[in-house]
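# What the coordinates show
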Amino acid sequence: MKTPKIIRIQYLALNGIASLLSPFTSLLFAYLVVQLTDKDIWGLFVDYLLYFFIASIFYNWGVGAYLQRSFSQDPRSINASWQMFFLTRMPLLLIVITLSVLLLPYQFVFWILSGYLINSIQPLLVYTRSYLVIIIGELIAFSILAILLFNSTIILDSLLIAYSVYLGVKAFIFLISQSQIFTGWKWLFNPYMLMVTLPFLLMNAAGFLQSKIDLYVFAFFNTGEPVGEYQIVSGFFILAQTIPTILVIPFLKNIYRMKDQGISKMRKNLAWSGLFINTILMLLIFIILKYFFAIQLNLVSVLVGFAISFPPYLYSILVFEMFKKNKEKKVLNIILISMLLNFILAVILLSCNFGLVGGLIANACSQIVCLLLYFKYSNNDRIPQLLE
C-alpha cells in the first residue's frame, strides 16, 4: 500500500518530467535540425516560433493561471468554467487565424488551432495530475516529428510542416484524454470574463517577454545562425529557470489553502535546494552546449546564466502567495518593470556589440531586480530573512 508521502513523491516526479519534457524536446528539436542542416535554417525557423509564441499568449488570454485558480476555488464548476472560457476566447482565435492567413505560410493555421487546443486542455491535465497523459502525448508527438526530420530533405518549408504535425498529434492526444470536459456542454459565452482575466493575460505576456524580450531584441539586431545560437543558449537557461515552478506546481492547491507558517517553510526549503540544483544544472548546460551544439561558453556567460536561473527559487512561491491574496496587480507591476529593464539593457548592450553575453546580462539584471521587488512587496526586504 502506498503511503501519502510516496504518492506525493510520485506526483512530484511525474510533474517534473511532464513540465521539463516539452522544453527538453524543443532543445532536442533544435539539436536535430542543427545536426541535419545548419544553424542558419534553425535561426530562420526561430523567427516563426517567436511570432507563434506571441500569438499564443494573445489567444490563450491567461487561460492557465486563471483556470488553475478557478478549479482550486470551485472544484464543482470545473466543466462550466472551462467551457465558458474556451468559447469566450474564440473571437481572439479567429483574429489570430485571420492575420496568419494574410501574413504567414498556410502551416500557421494548423499551429494556431493545435496550440489553442493544447493550452486549453493542459490546465485540466495539471489540475487532475494527469501527468502521464502529458508525457505520453509529448513523446508520441516528438517521435513522429523526429521520424519526419530523418526522412525528408530539411528546408524551412518542411520544418514548418513537420512542426504542424507535432502540434496536431499532441493536441489530439490531449483532447481525447479529457473528452469528459464536454459533458453537459453549454454554449456559455461571457465577454466580461475577458476583462476579469485581463490581469492574467498581462502577467503571462509580461512574464514571457520578461524572460524572452532579449531574444526578440537579439533577432532584431541579428539574423540566421547568431539568432539560432542565442535561442539555444537562452533556451537552456530559461529551462533551468522553470525548475522551481515545476517543483512548486504539485503543491499549488496546498499553497492556496496553507497558513503562512507552512508556506514560509516551503520557501526556505526551495531556496536552499536551489543552490545545489542550479549549480549542477549550469555544469550540465556548459557540457551539453560544448559537445552537442558546438557552442563554447566562457565563465562569464555561465555565471550570468546562474544569475538568470537562480532567482525564481527565491520568489516563485511568493508569486503564488500574492495570487492567493488577490495581489495580481502588484505581480504585474513587478513583471512589467523587470521586462522594461530587460528590454532597455538588451537594446543598449546589443547595439554596443556585446553580442550573446550582452543579451544574457540584460536578462540576468532583470531577474535580480524582479527578485528584489518581490521581497519588497512581500515584506521580506532582506534575503537572509527568507533563508534563516
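Here, every reference points to the structure presented above.
Residues numbered from 1 in each chain as written. Predicted model: local features only at pLDDT ≥ 70, side-chain atom pairs only at ≥ 80, totals over all residues. Heavy atoms only, no water.

### Notes on the overall build of the protein
Helix and strand content of the protein: 19 helices and 0 strands. For 388 residues, the compact-globule estimate of 2.2 N^0.38 gives 21 Å, and the protein sits close to it at 21 Å. Counting across all 388 residues of the protein, residues that qualify as buried make up 50%. Summed over all atoms, the accessible surface of the protein reaches about 17,800 Å², with 70% contributed by carbon and sulfur. Each charge class in the protein was averaged separately, 25 positive and 14 negative side chains, and the resulting centres sit 17 Å apart. (Helix = DSSP H or I, 4+ residues; strand = E, 2+ residues; numbered from the N terminus. Rg over C-alpha atoms; globule rule 2.2 N^0.38 Å. Buried < 20%, exposed > 50% of the residue type's maximum accessible area, 1.4 Å probe, protein only. Areas by Shrake-Rupley, 256 points an atom, 1.4 Å probe, with all protein chains shown as cover. Lys, Arg positive; Asp, Glu negative; His and termini not counted. Charge placed at Lys NZ, Arg CZ, Asp CG, Glu CD.)

### A look at the side chain of Glu-138
For Glu-138, the location among the structural elements is in helix 7 (residues 131-150). Of the residues examined, Glu-138 reaches a relative accessible area of 2% and is grouped as buried. A distance of 2.7 Å separates a polar atom in the side chain of Glu-138 from a polar atom in the side chain of Lys-170. Apart from the residues within four sequence positions on either side, Glu-138 is in contact with Leu-21, Ser-22, Thr-25, Tyr-166 and Lys-170. (Polar contact = N/O pair within 3.5 Å; in protein donor to acceptor, adjacent residues only side chain to side chain. Contact = heavy atoms within 4.5 Å.)

### So, the packing of aromatic side chains
Per the stated rule, a full pass over the model turns up 32 aromatic pairs. One Lys or Arg, Arg-89, reaches over the ring of Phe-85 and ends 5.3 Å from the middle of that ring. (Phe/Tyr/Trp six-rings, centres within 6.5 Å; stacked < 30°, edge-to-face > 60°. Lys NZ or Arg CZ within 6 Å of the ring centre and 35° of its normal.)

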